[in-house]
Amino acid sequence: MVTSDIYKNEYDVIIVGGGATGAGTARDCALRGLKTLLVERNDYSTGATGRNHGLMHSGARYAVTDSESASECISENMTLRRIARHCVEETDGLFITLPEDDLDYQKTFVEACQRAGIRADIIDPAEARSIEPSVNPDLIGAVRIPDAAIDPFRLTVANLLDARLHGADTLNYHEVEGLVMNQNRVEGVKLFNKLSGEHIEVRGRVVVNAAGIWGQRIAQMAGANISMFPARGALLIFGHRVNKMVINRCRKPANADILVPDDTVCVIGTTSDRIPIETVDDMRVTREEVDVLLNEGIKLAPSLATTRVIRAYAGVRPLVASDDDPSGRSISRGIVCLDHAKRDGVEGFITITGGKMMTYRLMAEIATNAVCAKLGNTAPCVTANQPLPGSEEGAPNQSDMTKRYSFGERAAIGRHGSLAARIEKDNDIDNALVCECEGVTVGEIKYAVHQLHVHNLVNLRRRTRVGMGTCQGKLCSCRAASLLGELHHDVRRAQKDLADFLDERWKGMRPVAWGDTLREAQLTAAIYEGLCGLDMAVSNQGKEDKQ
Amino acid sequence: MRTDTVIMGGGLSGLTCGIALAKRGQRVTIVASGQSTLLFNGGSMELLGNIDGTPVTYPLETIASLPEGHPYRKIGADRIASLADEAKQLLLDAGINVEGDAAANHWRVTPMGVAKHAWLTLSENLRIDDLKQLPARRLALMCIRGFFDEPNSMLANGLKELGFEVDKHEFTTDEITKLRRSPSEMRAASLAKRLSSNNALQRIADQVNSLAGDADMVLLPSVFGMSDNDSYDILKNMVNKPLRLVATLPPSVAGSRMQAMLRHYFMMLGGNYLMGDSAVKGTLEGDRLTTITTAKLGDMPLRADNFVLATGSFISRGLVADYERVYEPVMGLDVDADKDREQWTRFGVLEPQAYSRYGVTTDATLRCAKQGKTIANLRAIGSVLSGHDTVKMGDGTGVSLLTALAAAHGILSDK
């Protein structure tokens, strides 16, 4: 549907926030027959959804300290393996005990896992070394658990796609500036279209606040007060994948104790710091965070000491103080669903927050149940059983792929599952590789631009992984920018976009700019500034715009 | 092995220095890792393009106002004009057909259609001497179908903004269509290798001639001739309008050719070029370097009267940054670099980056030092030198050429 028609519509439900939770809620609402709109102020998966490990928790990490979260995790873990298998890589995980850790904790840990229903097998350190050669060889204990890796970008897009297939509308780059209020009732959202500069009001019978840490501000617009405690976590991406399995420390959750293999790379994290709510948009990673992550990461897998760090990033998890303890001492890591009619006397407004990327589907189900209760809809939730687009019965998966597929096709099937069939590959131009690190073809870029709401290179990266490999977009970003310029018929915008993309890549490289990452940065500068004069092209544009 | 001078690094500066010495009868050995930043060079040399973000029109006049630590100031502003003439002549002698004048910059046209200052540009490339008097009115921009390493839409747009009328045409030939079947083969270097025969060039010329219409100049991407000028010369005669080339994204065919021609010239002069090897260690006796050890020769160190460090910047691993410091990896020479890692870089990707000015410390004669003590027979040249900024000042290739010649003169006058 074209944007101007969306503006005129009235919806049963408007969901604020295009992370995994918002996307999942939009899907659930649409599947239950509600007329649904999702709005996101930036790109989809910009917030905490795109800024975590990409770990599909077994729940083991929470087994000892938070049995409720642990049970939720293992249940959702098993569900996602069915409904989102094209987003999941079944790696399994280890919880290792190092000489400086207390081996007695292992017993507590395994018992807690068993109580939560999580398979936890104690294995011999020698066996651990053999199934996971990168693990610290000094380990004195190991437990094998069903952790896995999940691609949160792909997961969110699959939910959005399915929501749209079932009639939902979605708008990215639309910021909520206020709520349409009628006395104590929320009746819609006031939107600012960041691409066109328009201000619009869209009506909806219920508004769901799924804006993560930014949800505190949305709630305030309705006069409701939620005490959020932003917990910031920084992570590092290494240039290749050293581990096959997820590696965790078998001790009370602490800094930088999880190493997750993700596609071609691996990720260590996280730090954990409470930060003031005013600073949640500042995602710069500090030198101290980098130092902690490296020092702790090397203890899990010693070869990280000599592996190139390609990027650092940080995300903010929305922790919520329970209502009876505004001091924040008793903070729940669990799912929080607030019906503001009961809590604050505001009708037509629900907040879904807390939780984890891992439990997004359950959060969506809880929020949708609350919406349906308000609207008198009795349709049951089917999201736990109905596969996401890309993971239907009979869809190809990576393990049974044969030589019939080219590198680009294999990569695309890995990213889009059965949807890869929609990628044009009728001619040799569509099969040409734009990004060699990640195997992204011209056809896949066209598909992303036409089907997956791609306005710029950063969007394109989130949909296809273009520029996410070891070269961090050295040549492919120029090829992709040139293609986008042609597809969007706006070359000058494409150049500005290219500069913004390089800047976004640089923001993540800068905290770890030494070794080969600094070399890549110098090489990128030599190509884009020295050879191509991109800096001059962009500053010339700025001068002309002022005139 | 006994040589007069051993040069560590076989890129633009190392080869230039080697050629200048070999021409005067020296026995020279170059240890070359095989990586050269000429692969990122579109076919132009820059003397000085920018100071503090302001384009420099007359480089020779401006050099005197550079800061003290700049390599041009070290070798002496008054020597720049004659060294620049000598460098240009050396390139011409190697068969590299460059045009340009150190007194006044011209403009080269980048793959994105930006006009950027340059000192010397290959005569085959599109060059603009005066933005008010363009070399052509109407251009036929010929785009190779499926070749994405020329951002054609940006190039066409940039050329229009410079005042050209541009007709964009897409074409292919049998050779190109065949190459396209392998999705990763459509790179400038692969095209150049595949398009070198007379038949292949004739098929391109046929396409160009039938499409060019009433344009008064034809532009093609620079994908002709990895090792000599023949491909371009043949094609130029087949195309019935003036033909110019535009640089592509790397690997640059023109850059590879310049590298190959310099190497060929050096070897023709009797130079010894050790390909795929690199210096790993140097042995000092007093204030002199006596030998260097290379990765491949192992326990057969290279002995010489003089040594030259031409190992390049971080890109070429002439400088290395680790978690804690910036260092020169062969000898541990003194470097000019900030100690605090946070000072190496700036927050915005297009801001001037401090690291790009880092390099080894030298005295006015380009001699290096270790722990404050000058090494009498070791000079540094090119990008490994501190105090200049290839990206922001547009001085990298000029520094490479001119410091190479200055070091060669120094070595020859020592005798």
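Residues numbered from 1 in each chain as written. Chains lettered and ligands numbered in written order. Predicted model: local features only at pLDDT ≥ 70, side-chain atom pairs only at ≥ 80, totals over all residues. Heavy atoms only, no water.

**Q** Mind showing me how you'd approach the overall build of chain B here?
**A** What chain B contains, in helices and strands, is twelve helices and 24 strands. Rg of the C-alpha trace for chain B: 22 Å, near the compact-globule value of 22 Å for 415 residues, within the 12% margin. Pairs at least 24 apart in sequence give 67% of the contacts found in chain B among residues at least 6 apart. Surface accessibility of chain B: about 15600 Å² in total, with carbon and sulfur atoms responsible for 47%. One finds the centroid of the 45 positive side-chain charges in chain B at a distance of 4 Å from the centroid of its 47 negative side-chain charges. (Helix = DSSP H or I, 4+ residues; strand = E, 2+ residues; numbered from the N terminus. Rg over C-alpha atoms; globule rule 2.2 N^0.38 Å. Contact = heavy atoms within 4.5 Å. Areas by Shrake-Rupley, 256 points an atom, 1.4 Å probe, with all protein chains shown as cover. Lys, Arg positive; Asp, Glu negative; His and termini not counted. Charge placed at Lys NZ, Arg CZ, Asp CG, Glu CD.)

**Q** Got a minute to help me understand the sheet that holds strand E3 (residues 55-56) of chain A in this structure?
**A** To summarise the sheet geometry, strands pair through backbone hydrogen bonds and adopt either a parallel or an antiparallel arrangement. Across the sheet, three strands lie side by side as E3-E8-E4 (chain A); this open sheet has antiparallel pairing. Looking at strand neighbours, the two that pair on one side only are E3 and strand E4 (88-89) of chain A, the edges of this open sheet. (Pairing = 2+ DSSP bridges.)

**Q** What is the right way to read the interface of chain A and chain B from this model?
**A** When the parts of a complex come together, some accessible area is lost, and that lost area is often taken as the interface size. Facing 53 residues of chain A, the contacting portion of chain B comprises 53 residues. The interface formed by chain A and chain B holds seven salt bridges in total. A salt bridge links glutamate 529 of chain A to lysine 392 of chain B, with the shortest nitrogen-to-oxygen separation between them at 2.6 Å. Where chain A touches chain B, the interface holds 26 residue pairs in polar contact (both at pLDDT 80 or more). (Salt bridge = Lys/Arg side-chain N within 4 Å of Asp/Glu carboxyl O. Polar contact = N/O pair within 3.5 Å; in protein donor to acceptor, adjacent residues only side chain to side chain.)

**Q** Sorry, what's going on with the domain arrangement of chain A here?
**A** Residues and elements named next belong to chain A. Split by domain assignment, chain A resolves into domain 1 (3-48 + 153-224 + 328-375), domain 2 (88-149 + 229-314) and domain 3 (398-546). Here domain 1 meets domain 3 over a buried area of about 1200 Å², counting both sides, of which 53% is carbon and sulfur. Three residues stand out in domain 1 for area buried against domain 3, namely Phe153, Arg154 and Leu161, and they jointly supply 38% of the buried area on that side. Between arginine 462 and aspartate 43 there is a salt bridge, and its shortest N-O distance comes to 2.8 Å. Applying the counting criterion to the domain 1 and domain 3 interface returns nine residue pairs in polar contact (both at pLDDT 80 or more). Here the element with the most residues in the side of domain 1 that touches domain 3 is helix H7 (residues 152-165); it accounts for six residues. (Domains from an automatic or database assignment. Buried area = accessible area lost by both parts, 1.4 Å probe.)

**Q** Just to check I follow, could you spell out the domain arrangement of chain B for this structure?
**A** All names here are of chain B. The domain architecture assigned to chain B consists of domain 1 (2-100 + 257-414) and domain 2 (126-246). Using C-alpha coordinates to define each centre, domain 1 is positioned 33 Å away from domain 2. Taken together, the contacts link six residues of domain 1 with seven residues of domain 2. Carbon and sulfur atoms make up 33% of the area that domain 1 and domain 2 hide from each other, which totals about 560 Å². Here domain 1 is connected to domain 2 by one salt bridge. Salt-bridge contacts for glutamate 99 lead to arginine 127; the nearest nitrogen and oxygen are separated by 2.3 Å. The tally of links between domain 1 and domain 2 comes to six residue pairs in polar contact (both at pLDDT 80 or more). Ranked by the residues each element gives to the side of domain 1 that touches domain 2, the list is headed by helix H10 (residues 253-268), at three residues.

**Q** Quick question: what am I supposed to make of the packing of aromatic side chains here?
**A** By the definition in use, this model includes four aromatic pairs over all chains. Ring geometry for phenylalanine 95 of chain A versus phenylalanine 109 of chain A: centroids 4.5 Å apart, planes at 35°, classification tilted. In this pair, phenylalanine 95 of chain A sits in strand E5 (residues 93-97) while phenylalanine 109 of chain A sits in helix H5 (residues 104-116), placing the two residues 14 residues apart along the sequence. Judged by relative accessible area, which is 4%, phenylalanine 95 of chain A ranks as buried. Among the residues examined, phenylalanine 109 of chain A registers a relative accessible area of 2% and is labelled buried. Between tryptophan 514 of chain A and tyrosine 323 of chain B, the aromatic rings sit 5.2 Å apart at their centres with planes inclined by 75°, giving edge-to-face as the arrangement. With one member in each of two chains, tryptophan 514 of chain A in the loop between helix H16 (491-509) and helix H17 (515-531) and tyrosine 323 of chain B in the loop between strand E19 (320-321) and strand E20 (326-327) form a pair that bridges those chains. (Phe/Tyr/Trp six-rings, centres within 6.5 Å; stacked < 30°, edge-to-face > 60°. Buried < 20%, exposed > 50% of the residue type's maximum accessible area, 1.4 Å probe, protein only.)

**Q** Sorry, what's going on with the side chain of threonine 290 of chain B here?
**A** Residues and elements named next belong to chain B. Checked against the element boundaries, threonine 290 lands in strand E17 (residues 288-294). A relative accessible area of 14% places threonine 290 in the buried class. Threonine 290 has contacts with Thr283, Glu285, Leu302, Arg303, Ala304 and Phe307, leaving out every residue within four places of it along the chain.

**Q** What am I meant to see in the packing of helix H1 (residues 12-23) of chain B against helix H12 (residues 396-414) of chain B here?
**A** For any two helices packed against each other, the geometry comes down to the angle between their axes and how far apart the axes lie. Residue and element names in this part refer to chain B. At a closest axis distance of 8 Å, the pairing of H1 and H12 adopts a crossing angle of 35°. As H1 runs across H12, the sense of the crossing is right-handed. Between H1 and H12, the contacting residues are Leu12, Ser13, Thr16, Cys17, Ala20 and Leu21 on the first element and Thr397, Ser400, Leu401, Ala404, Leu405, Ala408, Ile411 and Leu412 on the second. Residue composition of the contact of H1 with H12, grouped by class: ten nonpolar, four polar and no charged. (Axes fitted to C-alpha atoms, helices over the stretch in contact; angles between N-to-C directions. Left-handed = near helix turned anticlockwise from the far one by under 90°. Nonpolar A, V, L, I, M, F, W, Y, C, P; charged D, E, K, R; others polar.)

**Q** Teacher, can you tell me more about the sheet that holds strand E3 (residues 44-45) of chain B here?
**A** All names here are of chain B. In spatial order, the strands read E3-E9-E6; together these three strands make up an open sheet with antiparallel pairing. With partners counted over all chains shown, the strands left at the sheet margins are E3 and strand E6 (98-99), one partner each. In terms of strand pairing, E3 meets strand E9 (residues 120-122) through two bridges, oriented antiparallel. Its bridge partner lying in E9, methionine 45 is registered against leucine 120.

**Q** When you look at the pattern of salt bridges in this model, what are you seeing that I'm missing?
**A** Two side chains carrying opposite charge are able to pair once their charged atoms lie near each other. Applying the stated criterion across every chain yields a total of 62 salt bridges over all chains. Here arginine 73 of chain B and glutamate 68 of chain B are joined by a salt bridge, their closest N and O atoms 3.3 Å apart. Take glutamate 68 of chain B: its relative accessible area is 62%, and that puts it in the exposed class. A single salt-bridge network, built from bridges that share partners, covers Glu100, Asp101, Arg249, Arg251, Glu296 and Lys299 of chain A.

**Q** Teacher, can you tell me more about the nonpolar core here?
**A** What tends to happen in soluble globular proteins is that the nonpolar side chains get buried as a cluster. Core analysis: the biggest nonpolar cluster contains 210 residues, and Leu236 and Leu498 of chain A together with Trp119, Leu378 and Leu402 of chain B have the highest contact counts within it. No other element matches H12 of chain B, which puts ten residues into this core. Not counting the four nearest positions on each side in its chain, leucine 402 of chain B is found in contact with Leu47, Tyr72, Ile75, Ile80, Leu83, Ala84, Ala87 and Trp119 of chain B. (Core = buried A, V, L, I, M, F, W, Y, C linked by side-chain atoms within 4.5 Å.)

**Q** Explain the pairing of strand E12 (residues 199-209) of chain A here, please?
**A** One face of the sheet, then the other: side chains in a regular strand alternate in exactly this way. All names here are of chain A. Of the pairings in the sheet, the one linking strand E1 (residues 10-16) to E12 comprises six bridges and is parallel in character. Paired with valine 13 across the strands is valine 206, a residue of E12. Looking at chain direction, strand E11 (residues 185-193) and E12 are connected through five bridges and run antiparallel. By the bridge assignment for E12, glycine 188 is matched with arginine 203. The antiparallel pairing of E11 with E12 creates a hairpin that spans five residues between the two strands, and glycine 197 there sits at a positive phi of about 85°. Two elements, E12 and strand E21 (residues 349-354), share three bridges in a ladder whose sense is parallel. When the bridges of E21 are listed, asparagine 209 appears paired with threonine 351.

**Q** Even after reading the chapter, I still don't get the packing of H16 of chain A against H17 of chain A, so can you show me in this structure?
**A** Residue and element names in this part refer to chain A. The N-to-C vectors of H16 and H17 enclose an angle of 165°; their axes lie 11 Å apart at closest approach. Looking at the two axes, H16 sits roughly antiparallel to H17. The two elements H16 and H17 cross, and the hand of that crossing is left-handed. From H16, Leu498, Leu502, Trp506 and Met509 reach across to H17, where they touch Thr517, Glu520, Ala521, Thr524 and Tyr528. In terms of residue class, the contact of H16 with H17 is built from six nonpolar, two polar and one charged. (Parallel < 35°, antiparallel > 145°, perpendicular 65-115°, else oblique.)

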